[in-house]
Amino acid sequence: MRYEEIVITPEMAREFLKKNFGNRRVRQSRVDAYAEDITAGRWAWTADPMHFDTFGRLRNGQHRLTAIVIANMPVKCLAVYDLLPEEADMLDRGSSRTNADRLEIAGEKNAVSLGAVLRILYLYEKGKISYANYYVPIEALKYAKSRYPDVQESIMATRKESLGILAPFSVLAAMHCLFWDRGGVKVLDFFAGLETGANLDAGNPILVLRDQLSKLRRNKKKKKPAKLLCAWFIKAWNAFCRDEKVKALRWVWDGKKPEPFPVALQPDEVTEERAAVG
């Protein structure tokens, strides 16, 4: 075998892809995530090489090459040539490192939980939260952690049985972190009300959210996707910031008239809204 470190241009990537052989189906979400990292300058050189067999066929690296074409930017990669066919057939047979593995290796606490929470925050940040199977690489999670530096505090703040009976832990911690970023200490009142339901009048958005989540958790046959739960949380938060009463929290993501995913308000934005109306 022969190793080489090369800078792959979009033109080179197109030529390599013409020789693609025996690879898995391309996962477009992974390609999109790679391309986004390349254009944003987050793509890091990796020791995981592209592989070419003795016939010059591409046996590993199709997602990176396709991303280079889409991003239309050159990327430095490691390439391995002259792989025997039987050696190429052994690629990807081992247990791959998960993002949680990589976070733990990097010294992060609560690596599994952290990975799940950062994934939600990253998808929200990039407007991709509606895509359940969207691939999120480790570089994206590191970006999300730098964007939301208090995420570990949110993980600890929501690790309570009284909250865990309402929603998946990853959703609770991600929404706590998002609202802390938007509203600071106001998030404490929101989650205190969500935890107990005490002293909340009918129509209070926190109480409505709590009731909808409780009803959903009791009916295990009607499991809802995380994106819907996050939308309920954000709509409740926005109504809470506006001091609005609500009858129900709804978000329609499919059908003829799908709604855009809601954006979490900052209390300052509510003040500006009221000033504009006044």
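A few points on the structure. (Residues numbered from 1 in each chain as written. Predicted model: local features only at pLDDT ≥ 70, side-chain atom pairs only at ≥ 80, totals over all residues. Heavy atoms only, no water.)

A closer look at a nonpolar patch on the surface
(1) Moving on: Where nonpolar side chains cluster on the molecular surface, the patch consists of Trp180, Val185 and Leu188 and spans about 280 Å² of accessible area.
(2) Moving on: Residue placement: leucine 188 occurs in helix α11 (residues 186-196). (Patch = residues over 30% accessible without salt bridge, like charges linked within 9 Å, V, L, I, M, F, W, Y side chains within 5 Å. Areas by Shrake-Rupley, 256 points an atom, 1.4 Å probe, with all protein chains shown as cover. Salt bridge = Lys/Arg side-chain N within 4 Å of Asp/Glu carboxyl O. Helix = DSSP H or I, 4+ residues; strand = E, 2+ residues; numbered from the N terminus.)

Points about the pairing of strand β4 (residues 75-83)
(1) Moving on: Where burial is concerned, most of β4 is hidden: seven out of the nine residues are buried.
(2) Moving on: Relative to β4, strand β1 (residues 2-8) runs antiparallel, the two sharing seven bridges. Directly across from isoleucine 6, in β4, lies its bridge partner cysteine 77. (Buried < 20%, exposed > 50% of the residue type's maximum accessible area, 1.4 Å probe, protein only. Pairing = 2+ DSSP bridges.)

Concerning the sheet that holds strand β2 (residues 50-53)
(1) Moving on: Strand order in the open sheet formed by four strands is β1-β4-β2-β3, with mixed pairing between adjacent strands. Two strands lie at the open edges of the sheet, namely β1 and β3 (58-60), each paired on one side alone. Each neighbouring strand pair of the sheet contributes to a mean axis angle of 35°, computed without reference to strand direction.
(2) Moving on: By the bridge criterion, three bridges tie β2 to β4 in an arrangement that is parallel. Within β4, the position partnered with methionine 50 by the bridge is alanine 79. (Axes fitted to C-alpha atoms, helices over the stretch in contact; angles between N-to-C directions.)

Overview of the pattern of salt bridges
Two side chains carrying opposite charge are able to pair once their charged atoms lie near each other.
(1) Moving on: With the rule as written, the count across this model stands at 11 salt bridges.
(2) Moving on: The closest approach of N and O atoms between arginine 147 and aspartate 181, which form a salt bridge, is 3.1 Å. Taken together, the positions of arginine 147 in helix α7 (residues 138-147) and aspartate 181 in helix α10 (residues 169-183) put the pair 34 residues apart, joining distant regions of the chain.
(3) Moving on: With its nearest N and O atoms 2.3 Å apart, the salt bridge here joins arginine 182 to aspartate 181.
(4) Moving on: Judged by relative accessible area, aspartate 181 falls into the partly exposed class, the value being 28%.
(5) Moving on: Via salt bridges that share partners, Glu125, Arg147, Asp181 and Arg182 belong to a single interconnected network.

Describing the packing of α11 against helix α12 (residues 205-218)
(1) Moving on: Close contact between α11 and α12 brings their axes to 9 Å; oriented N to C, the two are set at 45°. The orientation of α11 relative to α12 falls into the category oblique. Handedness of the α11/α12 crossing: right-handed. Here Asp189, Phe190, Gly193, Leu194, Glu195 and Thr196 of α11 lie close against α12, whose contacting residues are Ile206, Leu209, Arg210 and Leu213.
(2) Moving on: Of the residues that constitute the contact of α11 with α12, the class distribution is five nonpolar, two polar and three charged. (Parallel < 35°, antiparallel > 145°, perpendicular 65-115°, else oblique. Left-handed = near helix turned anticlockwise from the far one by under 90°. Contact = heavy atoms within 4.5 Å. Nonpolar A, V, L, I, M, F, W, Y, C, P; charged D, E, K, R; others polar.)

Examining the packing of α11 against helix α13 (residues 226-242)
Packed helices, taken two at a time, are described by the angle their axes make and the gap between the axes.
(1) Moving on: It is at 11 Å that the axes of α11 and α13 come closest, and there the two elements cross at 120°. The way α11 lies across α13 gives a crossing that is right-handed. Residues Lys186, Val187, Asp189, Phe190, Phe191 and Leu194 of α11 lie in contact with α13, whose contacting residues are Phe233, Ala236, Trp237, Phe240 and Cys241.
(2) Moving on: By residue class, the composition of the contact of α11 with α13 is nine nonpolar, no polar and two charged.

Observations regarding the nonpolar core
Nonpolar side chains in soluble globular proteins generally cluster together in the buried interior.
(1) Moving on: Ranked by size, the top nonpolar core spans 60 residues in total, and within it Met175, Phe179, Phe190, Phe191, Leu194 and Phe233 carry the most contacts.
(2) Moving on: Listed by contribution, the elements that provide at least two residues to this core are α6 (111-125), α7, α8 (151-157), α10, α11, α12 and α13.
(3) Moving on: Here this core takes 12 residues from α13, the largest share from any one element.
(4) Moving on: Other than its neighbours up to four places away in sequence, phenylalanine 191 contacts Thr158, Leu163, Leu172, Met175, His176, Phe179 and Phe233. (Core = buried A, V, L, I, M, F, W, Y, C linked by side-chain atoms within 4.5 Å.)

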